[in-house]
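# Tertiary structure, described
These are the residues of each chain, in order.
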Amino acid sequence: MGTAPWLVIHAAILAAWAAALLLGESSEMRQMALIYGAEVWAGMCGLTQDLTGYLRLVMMWAVMAAAMMLPAVRPSLAVFDDLATAGAQGRGAVLDLTAGYLLAWLGFAVLAAGAQTGLVAAGLVTPLGQSLTPHVNAGLMALAGVYQLTPAKSACLDRCRDPLVVFAENWAPGRLTALWLGVRLGLWGIGCCWALMLLGLVGGMMSLLWMGAVTLFIILERMAADDRGLPLATGLVLLGAAAMQLGTAVL
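These notes cover the structure that comes with them. (Residues numbered from 1 in each chain as written. Predicted model: local features only at pLDDT ≥ 70, side-chain atom pairs only at ≥ 80, totals over all residues. Heavy atoms only, no water.)

### Quick word on the overall build of the chain
Broken down by element type, the chain carries 12 helices and 0 strands. Scanning the chain from its N terminus toward the C terminus, one meets helices and strands in the order α-α-α-α-α-α-α-α-α-α-α-α. The buried share of the chain, reckoned over its 251 residues, is 45%. Expressed as a percentage of contacts within the chain between residues at least 6 apart in sequence, the contacts between residues at least 24 apart total 78%. For the chain, the accessible area works out to roughly 11600 Å², and carbon and sulfur atoms hold 73% of it. (Helix = DSSP H or I, 4+ residues; strand = E, 2+ residues; numbered from the N terminus. Buried < 20%, exposed > 50% of the residue type's maximum accessible area, 1.4 Å probe, protein only. Contact = heavy atoms within 4.5 Å. Areas by Shrake-Rupley, 256 points an atom, 1.4 Å probe, with all protein chains shown as cover.)

### As for the packing of helix 1 (residues 3-23) against helix 5 (residues 93-121)
At a closest axis distance of 9 Å, the pairing of helix 1 and helix 5 adopts a crossing angle of 25°. Put simply, helix 1 runs roughly parallel to helix 5. Where helix 1 approaches helix 5, its residues Pro5, Trp6, Val8 and Ile9 are matched on the opposing element by Val94, Leu95 and Thr98. A breakdown of the residues in the contact of helix 1 with helix 5 according to their chemical character gives 6 nonpolar, 1 polar and no charged. (Axes fitted to C-alpha atoms, helices over the stretch in contact; angles between N-to-C directions. Parallel < 35°, antiparallel > 145°, perpendicular 65-115°, else oblique. Nonpolar A, V, L, I, M, F, W, Y, C, P; charged D, E, K, R; others polar.)

### Description of helix 6 (residues 134-148)
For helix 6, with 15 residues, the first-to-last C-alpha span of 21 Å sits near the 21 Å given by 1.5 Å per residue. For helix 6, the set of buried residues is Val136, Asn137, Ala138, Leu140, Met141, Ala144, Gly145, Tyr147 and Gln148. (Expected span 1.5 Å × (residues − 1).)

### As for the nonpolar core
Among the nonpolar cores identified, the biggest contains 68 residues, and Trp61, Met64, Phe80, Trp105, Phe108, Met197 and Leu199 are the most heavily contacted of them. It is helix 4 (residues 51-86) that contributes the most residues to this core, 18 residues altogether. Residues in contact with phenylalanine 80, not counting those within four places in the same chain, are Ala93, Val94, Leu97, Phe167, Trp171, Ala178 and Leu181. (Core = buried A, V, L, I, M, F, W, Y, C linked by side-chain atoms within 4.5 Å.)

### Here we look at the pattern of salt bridges
Counting across every chain of the model gives 5 salt bridges. For lysine 153, the salt bridge goes to glutamate 221, with nearest N and O atoms at 3.0 Å. Of this pair, lysine 153 sits in helix 7 (residues 151-161) while glutamate 221 sits in helix 11 (residues 208-223), placing them 68 residues apart in sequence. Several salt bridges share partner residues, and in doing so they unite Arg159, Glu169 and Arg184 into one network. (Salt bridge = Lys/Arg side-chain N within 4 Å of Asp/Glu carboxyl O.)

### Let's talk about a nonpolar patch on the surface
The grouping of Leu83, Leu164 and Trp171 at the surface amounts to a nonpolar patch, some 240 Å² of accessible area in total. Relative to the helices and strands, leucine 83 is located in helix 4. (Patch = residues over 30% accessible without salt bridge, like charges linked within 9 Å, V, L, I, M, F, W, Y side chains within 5 Å.)

### Side note on the packing of helix 4 against helix 5
Interhelical geometry of helix 4 versus helix 5 gives an angle of 150° and a closest axis separation of 7 Å. If you check the angle between helix 4 and helix 5, you find them roughly antiparallel. Seen from above, helix 4 lies across helix 5 with right-handed handedness. Here the contact of helix 4 with helix 5 is built from residues that sort into 25 nonpolar, 4 polar and 1 charged. (Left-handed = near helix turned anticlockwise from the far one by under 90°.)

Structure follows, in structure tokens:
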């Protein structure tokens, strides 16, 4: 396993978390939002309802995805690096794989930022990415809970747990192949985690506490010896939490 590519990957993980720390919703930001309104503070941050504001949202979602998913995918990158070195792909091929993986998550960031923009326009979410009603919270938690129980979730989680299947399906020499394998690995990762990522609109987008908790959960989910136990338990918990949110709204 070459040292230089891994130094770049580890530096990227640290840079993503550093950027998340800088962009994160601090207690001072929340306090100012309470005093002056979230729209005022969001305007100061450039989160406006125009192309510039949308691109800033894309950047925030992309940073969040990189910070959360790069640590989770590191074991898969190590598997590929071993295969690439043995198969004469070259020690730097793992960087091409990582670039493809991040490219896939950039596509997710584009879509997620668009969804958030629509929710902000509808008055359901603040520009800072915080749900305004228990109904939205309940809907997002129910969506994530139901998805945890679906065959699609299981299929995507299986690929994330056993990346050899992904690599074997399209293995060929060359940097473009490594990039494409990274995109495919990223698409499986999105299929596994997209609903969990959207829960950021419940916990507060760019909340470091929420990001850390979900990152740890994703890692544990991929390492779990029980294939279905953790997703099943999480799905039921999320559905229960959604029901409690709806109960709060009614009362």
